[in-house]
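Okay, here's what each chain looks like letter by letter:
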Amino acid sequence: MSDPLATLSALLAPIFAELNGGEPSDPTVRPSDRADAQINGALSLAQRVGSNPRELAQRIVDSGVLGDVASELEVAGPGFINVTFAAAFLEAQLAEVVADDRLGVARAAGTKRVVVDYSAPNVAKEMHVGHLRSTVIGDSLVRMMEFLGHTVSRENHIGDWGRPFGMLIEHLLDLGEDVASEGLSQGDLDGFYKEANAKFKDSEPFQERARARVVLLQNSDEDTLVLWHRLVEMSNAYFNRVYTKLGVLLTDDDLAGESQYQSLMTGVHQRLEEQGLVSESDGAMVVFAPGFKNRDGDPLPMITKSQTGAFMYATSDLACVVDRVERLGADLMLYVIGTPQAHHLQMVFEVCRMAGWLTEPTQAVHVNFGSVLGADGKMMRSRAGDSVKLVDLLDEAVERADASIAEKNPDMSAQDRGVVAQAVGIGALKYADLSTDRIKDYVFDWDRMLAFEGNTGPYLQYAHARICSIFRRAAIERSTVREAPIVLGHTAEKALAMRIMGYPSAIDNTLDSYSPHKLCTYVYELASDFSSFYQECPILKSDEPMRTSRLALADLTARVLEHSLGLLGMIAPQEM
Ligand code: ARG
């Protein structure tokens, strides 16, 4: 264990238990403004055992359990204990982090089988900023959980089935595969969809063809399936281009579209019926989950089968849960989907509980997120009033980053700049998305997200590049300072070291609520602590052994910066 606060908790556990009559009692260790840490647990313990909190705090201090760890212990206020860590203790813990490839982050004690449902664009429809959010948030959670040692399945639940495919396939036939494929895989998905939709509205014969085609599709007609498959493939080629640009983990192996659950749905529906959960309402099959009401306060049904006998979006999500629990053995399912689908998911989860498919300790969590807004505070739109194409945003981010790097670092070759601009542009976009609490809306603002100052992607990447440049200037190989002892003399050194050792708890806190912005805040604080250290503690100009000690601290900072940015899905260039 290399987090000093966690070490403190562990050392205090026995005495707290002893004072609590043998039962464990949380020492409640927190960071402190006045000292390095503060122990708050004596207060609640005193209340429980009926003694004076200050006296109890004093007994904990006098027990000597923190003798090796603290250079100063002070009982304050109604019974807090302020702790100042002994430099030797922090230095020893820091040395463990230096020597650890995992930078002090232990593997999770109980590893879980986790399914993360994210990205999920729709075939023959443009990806928009909502899909950006799902993709970026989901990807970062996957990276964190995999790093902790959990077994994670990524599932890209693309919308590749349903009524619109009748008209889409007919439109594909009208255009001919070559023309259609050009438009679709080049990213004119919306154009294709809109054309099909317009024909459907205007032409009676086309409507009939589309309807007949849906029936053929549902009955697994072979020729129809071939056409459907082409459509899905073309869209996937396009999605993959976006994923590559964006630098996310998703591949074709992660596709788990709605179509894949079609064959399961009959069985799932039958199981619902056998349990007596299904009733008929206006010719449709529905399940009533207690507590769900419509606007008039009447019970709201979940439709599982339409009047025409077709399964619904909700039914495919039921089948999904069954599949994830029964085939994949999932302990935890995360649904990274926008807030508007909260109601849909709550109902799906509730019906699964009623059917006994979702039972403790298996958990399903809606990792919801807010909208991306334009400067006018409304849903982000293009100038023409359409939703903004994700791929255009990605290209613009890289172009803008390229221009700003050219300005800041005119000596960099165009080739190097291209690579760095990719990392900085995409990183800025991802960081802007991840760094606000996901449940809130955020305003999309190019200038802000690409600024080199403030809580932005470029600022953090720059902090990392700056450390690399210190080593470059001094012509020192970073790995050569890793054996050197780090001495924590200055308060800025100590603050930075404590932050570095807080990395494991930053990850834990982030995953407690699946909120990547918490890790963002940590990385920002780390960069800020480094900046104070750099201002107050000369590195290259100091004498040995301080010079090497400070270089080693800088190197460790860069390692944690690079690694934590990596967990957010961002690349940290050496130079920018
Ligand atoms: N395709 C849907 C959309 O674009 C999202 C699907 C989310 N996943 C799920 N299991 N329902 O809105």
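First, a word on what this report is: a plain description of the structure on this page.

Conventions used here
Residues numbered from 1 in each chain as written. Predicted model: local features only at pLDDT ≥ 70, side-chain atom pairs only at ≥ 80, totals over all residues. Heavy atoms only, no water. Near = heavy atom within 4 Å. Polar contact = N/O pair within 3.5 Å; in protein donor to acceptor, adjacent residues only side chain to side chain. Areas by Shrake-Rupley, 256 points an atom, 1.4 Å probe, with all protein chains shown as cover. Helix = DSSP H or I, 4+ residues; strand = E, 2+ residues; numbered from the N terminus. Axes fitted to C-alpha atoms, helices over the stretch in contact; angles between N-to-C directions. Left-handed = near helix turned anticlockwise from the far one by under 90°. Contact = heavy atoms within 4.5 Å. Nonpolar A, V, L, I, M, F, W, Y, C, P; charged D, E, K, R; others polar. Buried < 20%, exposed > 50% of the residue type's maximum accessible area, 1.4 Å probe, protein only. Parallel < 35°, antiparallel > 145°, perpendicular 65-115°, else oblique. 1 Å grid on protein atoms, 1.4 Å probe; cavity = no way out; pocket = protein on both sides within 12 Å on 5 of 7 lines; lining within 4 Å. Points joined across faces, edges and corners; volume = space filled by probe spheres on them.

1. Examining the site of the ligand
Next, step 1: Within the structure, the ligand sits among Asp117, Ala120, Asn122, His131, His157, Tyr313, Asp317, Tyr335, Ile337 and Gln341.
Next, step 2: With respect to the ligand, the side chain of His131 contributes an N or O atom lying 3.0 Å from an oxygen atom.
Next, step 3: Surface burial for the ligand is 86%, taken as the share of its 350 Å² of free accessible area covered by protein chains.
Next, step 4: When residues of the shell around the ligand are traced back to their parent elements, those giving at least two are α12 (313-327) and β10 (332-338).

2. Regarding the packing of helix α17 (residues 457-474) against helix α21 (residues 546-567)
Next, step 1: The interhelical angle for the contact between α17 and α21, taken along N-to-C directions, is 145°, at an axis separation of 9 Å. Two packed elements cross with a definite hand, and for α17 against α21 that hand is left-handed. Each of Leu460, Gln461, Ala463, His464, Ile467, Ile470, Phe471 and Ala474 in α17 lies in contact with α21, whose residues at this interface are Arg547, Leu551, Ala554, Asp555, Thr557, Ala558, Leu561, Glu562 and Leu565.
Next, step 2: A breakdown of the residues in the contact of α17 with α21 according to their chemical character gives 11 nonpolar, three polar and three charged.

3. Considerations on helix α18 (residues 491-501)
Next, step 1: With respect to burial, α18 is a largely interior element, eight of its 11 residues being buried.
Next, step 2: Every buried residue of α18 is accounted for by Ala492, Glu493, Lys494, Leu496, Ala497, Met498, Ile500 and Met501.
Next, step 3: Considering only its buried residues, α18 is in contact with α1 (4-19), β4 (80-85), α4 (87-98), α19 (503-512), α20 (516-536) and α21.

4. Considerations on the packing of α4 against α21
Next, step 1: Orientation of α4 relative to α21, taken along the N-to-C sense of each, is 55°, at an axis distance of 11 Å. Classified by the interaxial angle, the pair formed by α4 and α21 is oblique. When you trace α4 past α21, the crossing you get is left-handed. Residue-level contacts link Leu94, Val97 and Val98 of α4 to Leu553, Leu556 and Arg559 of α21.
Next, step 2: Of the residues assigned to the contact of α4 with α21, the class counts are five nonpolar, no polar and one charged.

5. Describing empty space enclosed by the protein
Next, step 1: Taken as a whole, this structure holds one cavity of 30 Å³ or more when the rule is applied.
Next, step 2: In terms of lining, the largest cavity is formed by Asn156, Asn236, Phe239, Asn240, Tyr243, Leu250, Thr251, Asp252 and Leu255.
Next, step 3: In terms of residue class, the lining of the largest cavity is built from four nonpolar, four polar and one charged.

6. Comments concerning unusual backbone geometry
Next, step 1: The amide bond that connects Glu360 to the next residue, Pro361, takes the cis arrangement and shows omega of 5°.
Next, step 2: Examined against the element boundaries, Pro361 turns out to sit in the loop between α13 (342-354) and β11 (363-369).
Next, step 3: Going from Glu544 to Pro545, the amide bond is cis rather than trans, its omega being 5°.
Next, step 4: Tracing the backbone shows Pro545 in the loop between α20 and α21.
Next, step 5: Phi is positive for Ser119, which is not a glycine, with a value near 80°.
Next, step 6: Along the chain, Ser119 turns up in the loop between β5 (113-117) and α5 (129-147).
Next, step 7: Under the relative-accessibility criterion, Ser119 is labelled buried at 2%.
Next, step 8: Its identity as a non-glycine residue notwithstanding, Ala124 has a phi of 60°, on the positive side.
Next, step 9: By secondary structure assignment, the location of Ala124 is in the loop between β5 and α5.

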